[in-house]
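# Residue-level structure breakdown
As a plain string of letters, each chain reads:
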Amino acid sequence: GTMEDRSHKVLLALVMLLLFAVIVLQYVCPGTECQLLRLRALSPAAAADPYRAEDDTPARFVPRFNFSADDLLRRVDFNIKGDDLIVFLHIQKTGGTTFGRHLVRNIQLEQPCECRAGQKKCTCHRPGKRETWLFSRFSTGWSCGLHADWTELTNCVPSVVDSKKEVRLRPSRTGGACRALDTADACRGDKRAGKEAGGAAAAPSALNTLFSSPLGRNFYYITILRDPVSRYLSEWRHVQRGATWKASLHVCDGRSPTTEELPSCYTGDDWSGCSLQEFMDCPYNLANNRQVRMLSDLSLVGCYNLSVMPEEQRNKVLLDSAKENLKRMAFFGLTEFQRKTQYLFEKTFNMNFISPFTQYNSTRASSVEIDKQTQQRIEALNFLDVELYDYAKDLFLQRYQYMRQKEHQEARRKRQEQRKILRAKQAHRREQGENSS
C-alpha cells in the first residue's frame, strides 16, 4: 500500500497548497475584483457574464488566428451631426432584416428615425438636417440595387450620397466636389489607381477613396454573417416559397453580367416548389458561397466571367478579398451571437440599443431535417463560405474578448481614480482639522 499512501500524501499536500493560496489571495487582495478572480478560478464557466448563456460559445474560446490590436479594437468616433454614414451590406438570409430593423427602430438617438405604421422605410435624419446617416434597406431603400454587394456598394454609395448632397450644396455644377482632392482618379472613384500603386490593401490612397468620399465624409461599412449551412437551407426554403431576387443588378466593372456569364437556374417566373436536390444540383446557383461572393471585390477576378482565370485561383482571390474586406469593415456581427453582436456594435459606434437583441433558436433553416450526407454536400458546395465563417467567428469572438477586457481595465482605472480622489479629500480634511486645532 506504499504507492497509495504516497498518492494520498501528494493529494493532501496539493489541497493544503490550494487552501494556502486562497488564504494568501484573501490577504493580498480583499477587493471585489479579486472576489471575481476567485470565483472565476473556482468555476471558469460560471463567471458572471450576461453575454455567455445565450449562445454556444465555448466556455474557453481558443483563438486560432493571429490578429493585431488594430484588427481587434474597433472604435468609431461616429459623427452623426457631420457627414459620417453607416452603410449596411445586407446578405440574403443572414438575419439582416432583423438587424436592419434594430438599426432604424431600436437605437437611442437624440433624433430617432421616424417610422410610420405600414411603411417599410423610415426616415433617419441627422439632428437638424434633412440628410440621412444610415444607408440601408429600411432607410434609403435599395438605392444601389437589390441586396447590393461589396463590389456594388463601394462603387455606388459615394456617388448616390454625394449627388444628393451636391444638389443642395451647389445646384450649378456637379464637378466641383472633385477639386478638393489631389487626384482625378479618386474623384472618379477609380479604385484601380490605388491597386497599381502596390496592391489593394497596401495603398492608403485607394483605401481612402473607398471609405471616404470627395466631400470628406466617412463611410462605415457593416454586415451580418451566418453559419453557411443554415444560411443555404434558409435561402432554399425562401426560393421554394417563390423568392427570386432577379431584380438584383450584380453590377461589376460598370455593367451587369450577361445571361451567358450568369445563367438562370430555372425557366419561368420563379423556382417555387424546387426540391433541395434540384437546388443543390444547379451549378450556377448564386446561393453557393454567397457570403464570400458578396463581400469580395469581384473586379479582381474579372467579375462573372469565369474564363478570366482558373477556378482554383479565382476561389483563392475571392476568399482572400472577402476576408480582407470583412476585417477592414467598421463592424460585422454574427446571427448566431445576437447579444455579442449588440454589445460589439454598441461599443464600436458608441450608440446604445433600447431593448436587447434576442436569440432566435427556431428558424426556418432549423426546422429542416437533413442527414449527414446532405449536410456534407452543402458544406462542399459552400466551402469558401465555410472557411470565411470560421475566420469571421474567430475574429468576432476575439474582438468581443478584447472589448470586454478593455472595458474591465477602464472600470478598474476609474475605481482607482475615485479612490485617489477620496484619499486626497480625506487627507485634506485631516489637515484642516489639525490646522484649526
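Named according to an unreviewed UniProt entry, the protein is Heparan-sulfate 6-O-sulfotransferase originating from Furnarius figulus. UniProt annotates the protein under Sequence similarities (unreviewed entry) with the comment "Belongs to the sulfotransferase 6 family." In its Catalytic activity (unreviewed entry) section, the UniProt entry covering the protein states "alpha-D-glucosaminyl-[heparan sulfate](n) + 3'-phosphoadenylyl sulfate = 6-sulfo-alpha-D-glucosaminyl-[heparan sulfate](n) + adenosine 3',5'-bisphosphate + H(+)".

### Quick notes on the overall build of the protein
On a plain count of helices and strands, the protein comes out with 15 helices and six strands. Going through the 437 residues of the protein one by one, you find that 43% of them count as buried. In the protein, the share of contacts with a sequence separation of at least 24, taken over all contacts with a separation of at least 6, comes to 74%.

### Considering the pairing of strand β5 (residues 219-225)
Of all the seven residues making up β5, seven are buried; the element is thus mostly covered by neighbouring parts of the structure. Across the two faces of β5 the burial is the same, with F219, Y221, T223 and L225 and Y220, I222 and I224 all buried.

### Looking at a nonpolar patch on the surface
A cluster of nonpolar side chains, namely V10, L11, L14, V15, L17, L19, F20, I23, V24 and Y27, defines an oily patch on the protein surface of about 1000 Å² accessible area. Its place among the elements puts L19 in helix α1 (residues 2-28).

### Some thoughts on the pairing of strand β6 (residues 331-334)
Going residue by residue along β6, you find F331 and G333 tucked away on one face and F332 and L334 tucked away on the opposite face as well. As paired elements, β5 and β6 share four bridges and run parallel to each other. Bridge assignment links I224 to a residue of β6, and that residue is G333.

### Looking at the packing of aromatic side chains
If you walk through the whole model with that rule in mind, you get 21 aromatic pairs. Consider the rings of F332 and F396, whose centres lie 6.2 Å apart with planes at 45°: the pair is tilted. Taken together, the residues span a long stretch of sequence, with F332 in strand β6 and F396 in helix α15 (residues 383-436) at a distance of 64 residues. With a centroid separation of 5.3 Å and an interplanar angle of 70°, the aromatic rings of Y343 and Y400 are classed as edge-to-face. Of the two residues, Y343 is situated in helix α13 (residues 338-349) and Y400 in helix α15; the sequence distance between them amounts to 57 residues. In terms of burial, Y343 and Y400 fall into one category: buried. Members of the aromatic cluster, each reached through a chain of ring pairs, are F78, F88, F99, W133, Y220, F331, F345, F349, F353 and F357.

### Section: the nonpolar core
Ranked by size, the top nonpolar core spans 76 residues in total, and within it W133, V157, F345, F349 and M351 carry the most contacts. No other element matches α15, which puts ten residues into this core. Residues contacting M351, with those up to four places away along its chain left out, are F78, I80, I86, I107, L109, W133, F345 and E346.

### Structural notes on the packing of helix α9 (residues 228-240) against helix α14 (residues 372-381)
The geometry of α9 relative to α14 is characterised by a closest axis approach of 10 Å and an angle of 95° between their N-to-C directions. On the basis of their axis angle, the class for α9 and α14 is roughly perpendicular. Here V229, Y232 and L233 of α9 lie close against α14, whose contacting residues are I378, E379 and L381. Here the residues of the contact of α9 with α14 sort into five nonpolar, no polar and one charged.

### Concerning the state of the cysteines
With the rule as written, the count across this model stands at five disulfides. For C115, the disulfide goes to C122, at an S-S distance of 2.2 Å. The S-S bond linking C115 to C122 shows a torsion near 110°; that makes this disulfide right-handed. Given the relative accessible area of 29%, C115 is considered partly exposed. The residue that forms a disulfide with C252 is C303, at a sulfur-sulfur distance of 2.0 Å. Residues C252 and C303 are joined by a disulfide whose S-S torsion is about -70°; by sign, that bridge is left-handed. Of this pair, C252 sits in the loop between α9 and α10 (276-281) while C303 sits in the loop between α11 (290-295) and α12 (311-328); the two residues are 51 residues apart in sequence, bridging distant segments of the chain. For the residue pair C252 and C303, the accessibility class agrees, reading buried in each case. Free cysteine C274: the closest other cysteine sulfur is in C265, separated by 8.6 Å. Here C274 falls in the buried class, since its relative accessible area comes to 1%.

### Looking at α14
All of the buried residues in α14 are T374, I378 and L381. All buried residues of α14 lie within an arc of 65° about the axis, which places them on one face of the element. Exposed and oriented more than 90 degrees from the buried face of α14 are K372, Q373 and A380. Looking at the buried residues of α14, the elements they touch are α9, α10 and α15.

### Notes on the layout of surface pockets
Here the idea is plain: a probe the size of a water molecule rolls over the atoms and shows the empty space left. The volume enclosed by the largest pocket comes to roughly 950 Å³. Along its surface, the largest pocket is lined by 36 residues, and T94, G95, T98, R226 and T363 are the ones closest to its centre. Secondary structure elements with two or more residues in the lining of the largest pocket: α4 (96-105) and α9. Looking at the lining of the largest pocket element by element, the count peaks at four residues for α4. Of the residues assigned to the lining of the largest pocket, the class counts are six nonpolar, 19 polar and eleven charged.

The rules we used
The residue numbers shown here count from 1 along each chain, following its written sequence. Residue-level local features of this predicted model are given only where pLDDT is at least 70; pairs of side-chain atoms are given and counted only at 80 or more, and the full residue set underlies all totals for whole chains, interfaces and linings. Hydrogens and water molecules were not included; the side-chain quantities draw on all heavy atoms of the structure. UniProt positions are given in the numbering used here, feature names are shortened, and annotations may be inferred rather than shown by experiment. Runs of H or I in DSSP of at least four residues are treated as helices and runs of E of at least two as strands, each being numbered from the N terminus. Burial classification: accessible surface area is computed with a 1.4 Å probe over protein chains only, and a residue below 20% of its type maximum counts as buried, one above 50% as exposed, and the rest as partly exposed. Contact criterion: two residues are considered in contact whenever any of their non-hydrogen atoms come within 4.5 Å of each other. The residues that make up patches have over 30% relative accessible area and no salt bridge, and they are joined within 9 Å when like-charged or within 5 Å when they are Val, Leu, Ile, Met, Phe, Trp or Tyr. Only the protein chains shown count as cover for residues, and the accessible areas themselves come from Shrake-Rupley with a 1.4 Å probe. Definition used for salt bridges: Asp or Glu carboxyl oxygen within 4 Å of a side-chain nitrogen of Lys or Arg. The rule for pairing is simple: two strands pair if DSSP sees at least two bridges between them. Under the pairing criterion, centres of Phe, Tyr and Trp rings, with the six-membered ring standing for Trp, must be within 6.5 Å; the plane angle then separates stacked pairs below 30 degrees from edge-to-face pairs above 60, leaving the rest tilted. As used in this record, nonpolar core signifies buried Ala, Val, Leu, Ile, Met, Phe, Trp, Tyr and Cys residues forming a set joined through side-chain atoms within 4.5 Å. Each axis is a line fitted through C-alpha atoms, taken for helices only over the stretch in contact, and angles between the N-to-C directions span 0 to 180 degrees. An angle below 35 degrees is read as roughly parallel, one above 145 as roughly antiparallel, one from 65 to 115 as roughly perpendicular, and any other as oblique. Three residue categories are used. Nonpolar comprises Ala, Val, Leu, Ile, Met, Phe, Trp, Tyr, Cys and Pro, charged comprises Asp, Glu, Lys and Arg, and polar comprises the others, including Gly. Sulfur atoms of two cysteines make up a disulfide when they are within 2.5 Å. The directions considered for the arc are those from the helix axis to the C-beta atoms. Grid points spaced at 1 Å over the protein atoms alone were grouped into cavities, where a 1.4 Å probe fits but cannot get out, and pockets, open sets with protein on both sides within 12 Å along at least five of seven lines, with lining residues defined by an atom within 4 Å of a point. Grid points are joined across faces, edges and corners, and a volume is the space filled by probe spheres set on the points.

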